[in-house]
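Listed below are the residues making up each chain.
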Amino acid sequence: MNGRRRAASLAAAIGLSCFAGIAISNLYTSSSQEPNNNNNQAPTLRSYRRALSNVDPVNAATITDAVFKDPKHLYGDCEIPKARFATHQVATLYQPAFPGSGSRMTYELVEALTGMTISNDHNYAIDPNVHNHVVSVKTHYPNRNGISLEAFDDHFHGALLVIRNPIKAIPSFFNFWYERINHLENHSVRAPTEEWIAFRDANLGEQLKSWRKHMDYWLKKYENDRSKLLVLPYERLTDNARGPGTALKLALFLDSVEGVNAAKPEEVACLWHRSVKYMDEGETVEGHAVRSGSSATPYTQSQFDAIRNTMQTQKWKYKDDPEVFKIMDQYMRHIQHSWLYVS
């Protein structure tokens, strides 16, 4: 399908899905004042975002939480397809993310949107059978938990870079590591606060350097052709209001890759909801946060300042990149209002 037609079709479909609920429909009607000479015209993604931008976060959360009691009313009903290896050649994508930034959640969404399976860097490096037969390859490289696939660069169309505010990503990674060293089920428990404090005091500086290095590596890799790089902020992908629009952006990017066909436009929001917000039918899960235990991950004032300084550095490093600059600015704003993190 022609790229522009595909974009328009996807935008119209996601708008229809997002406005299916009465609350969202009322929100759109009251906030959008532009004249409409066509009463049958579907609301667009832009009008959806504009409507939500005029609602304060508390009311937006109330609306979306109410809708989540009956999600099919808003998102429709859909089945996540069984992911399979492609039988044809695919221009595979890198799928990099710093540990703790939603790699598992993102690969579930990508598989849901394409019906194609995903590999990881370790498997891709040793198994030629998966070369150009998977939609993407999950990697933490250049973090030490990942390995370089630069020898296979000609296999790849581009990358889906998932980023997350390190104030949350680093504790999330530690929870994963705690489960692993204690032989616990993945995504089952959060580490005790005292264990987190010991880890943070010994490793925070190195973790912040690794987070910054990871982000810099992938942005530099595609600095000369940003059309091949999609930056996906974890916070937007998991947000009730912005998540469907972010999934639309992802679906559109996936559909531009040779050998990949994204889901039908009218299914995008539902597939996002089923894969990102649901682990099992009828069980609401915020960003797959199903771990038990305390969610407290405090920092000392000096550590908090170190995180803030890292964000400030990254923000101004990318002052000429409007998209990344805006994301870093949002992270800075979050950090500036995160006084509860300070122990």
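Criteria and thresholds
- Within every chain, residues take consecutive numbers counted from 1 along the sequence as written.
- Reporting of local features is limited, given that this is a predicted model, to residues whose pLDDT is at least 70; pairs of side-chain atoms are given and counted only at 80 or more, and all residues count toward the totals for whole chains, interfaces and linings.
- Values reported for side chains reflect all heavy atoms of the structure, with hydrogen atoms and water molecules removed beforehand.
- A run of H or I in DSSP counts as a helix once it spans at least four residues, and a run of E counts as a strand once it spans at least two, with each numbered from the N terminus.
- For every residue, the accessible area (1.4 Å probe, protein chains only) is compared with the maximum for its type, and the residue is labelled buried under 20%, exposed over 50%, or partly exposed between those bounds.
- By definition in these notes, contact holds between two residues if any of their heavy atoms fall within 4.5 Å.
- The Shrake-Rupley method, run with a 1.4 Å probe, gives the accessible areas here. Residue values count only the displayed protein chains as cover.
- We call a pair of cysteine sulfur atoms a disulfide when they lie within 2.5 Å.
- Patch membership requires over 30% relative accessible area and the absence of a salt bridge. Like charges are linked within 9 Å, and nonpolar side chains (Val, Leu, Ile, Met, Phe, Trp, Tyr) within 5 Å.
- Should a side-chain nitrogen of Lys or Arg be within 4 Å of a carboxyl oxygen of Asp or Glu, the pair is scored as a salt bridge.
- Here, strands pair whenever DSSP counts at least two bridges between them.
- Residues belong to one nonpolar core when they are buried, are Ala, Val, Leu, Ile, Met, Phe, Trp, Tyr or Cys, and are joined through side-chain atoms within 4.5 Å.

K.L.:
Would you mind showing me how to read the overall build of the chain here?
P.N.:
A count of helices and strands for the chain gives 14 helices and seven strands. With 343 residues in all, the chain has 50% of them scored as buried. If you take every contact in the chain between residues at least 6 apart in sequence, the share linking residues at least 24 apart comes to 76%. Total accessible area on the chain is roughly 17100 Å²; 50% of this is exposed by carbon and sulfur atoms.

K.L.:
Even after reading the chapter, I still don't get the state of the cysteines, so can you show me in this structure?
P.N.:
Covalently bonding the sulfur atom of one cysteine to the sulfur atom of another cysteine gives a disulfide. As enumerated under the stated definition, the model contains one disulfide in all. Each sulfur of the disulfide joining C78 and C270 lies 2.1 Å from the other. Looking down the S-S bond of the C78 and C270 bridge, the torsion is -95 degrees, so its handedness is left-handed. With C78 in the loop between helix 5 (71–75) and strand 1 (92–96) and C270 in helix 12 (residues 268–277), this residue pair connects regions lying 192 residues apart in the sequence. For the pair C78 and C270, a shared accessibility class is recorded, and that class is buried.

K.L.:
Is there a simple way to think about a nonpolar patch on the surface in this case?
P.N.:
On the surface, F176, W177 and I181 cluster together to form a nonpolar patch covering roughly 260 Å² of accessible area. Within the fold, I181 resides in helix 8 (residues 166–181). Take I181: its relative accessible area is 46%, and that puts it in the partly exposed class.

K.L.:
Help me understand the pairing of strand 5 (residues 229–233) in this model?
P.N.:
Regular strands have side chains that alternate between both faces of the sheet. Burial analysis of strand 5 places five of its five residues in the buried class, which makes it a mostly covered element. Neither face of strand 5 is left uncovered, since the one carrying L229, V231 and P233 and the one carrying L230 and L232 both have all their residues buried. Looking at chain direction, strand 4 (residues 156–163) and strand 5 are connected through five bridges and run parallel. Across the sheet, the residue bridging to A159 is L229, located in strand 5.

K.L.:
Where do I start with the nonpolar core in this structure?
P.N.:
Within soluble globular proteins, side chains that are nonpolar generally end up buried alongside one another. Of all hydrophobic cores here, the largest spans 42 residues; its most connected members are Y124, L219 and M328. Put simply, the parts of the chain that give this core at least two residues each are strand 4, helix 8, helix 9 (193–221), strand 5, helix 13 (301–317) and helix 14 (322–336). When residues in this core are grouped by element, the largest group, nine residues, is from helix 9. The residues touching M328, leaving out its near neighbours within four places in the chain, are I163, W211, M215, M311, Q314 and K315. Among the nonpolar cores identified, the runner-up in size contains 37 residues, and L74, A91, M105 and V162 belong to it.

K.L.:
Help me out: how do you make sense of the pattern of salt bridges in this one?
P.N.:
As a working rule, side chains carrying opposite charge can pair if their charged atoms are close by. In total, this model carries twelve salt bridges according to the counting rule given. By sharing partners, the salt bridges in this structure join R226, K249, D321 and E323 into a single network.

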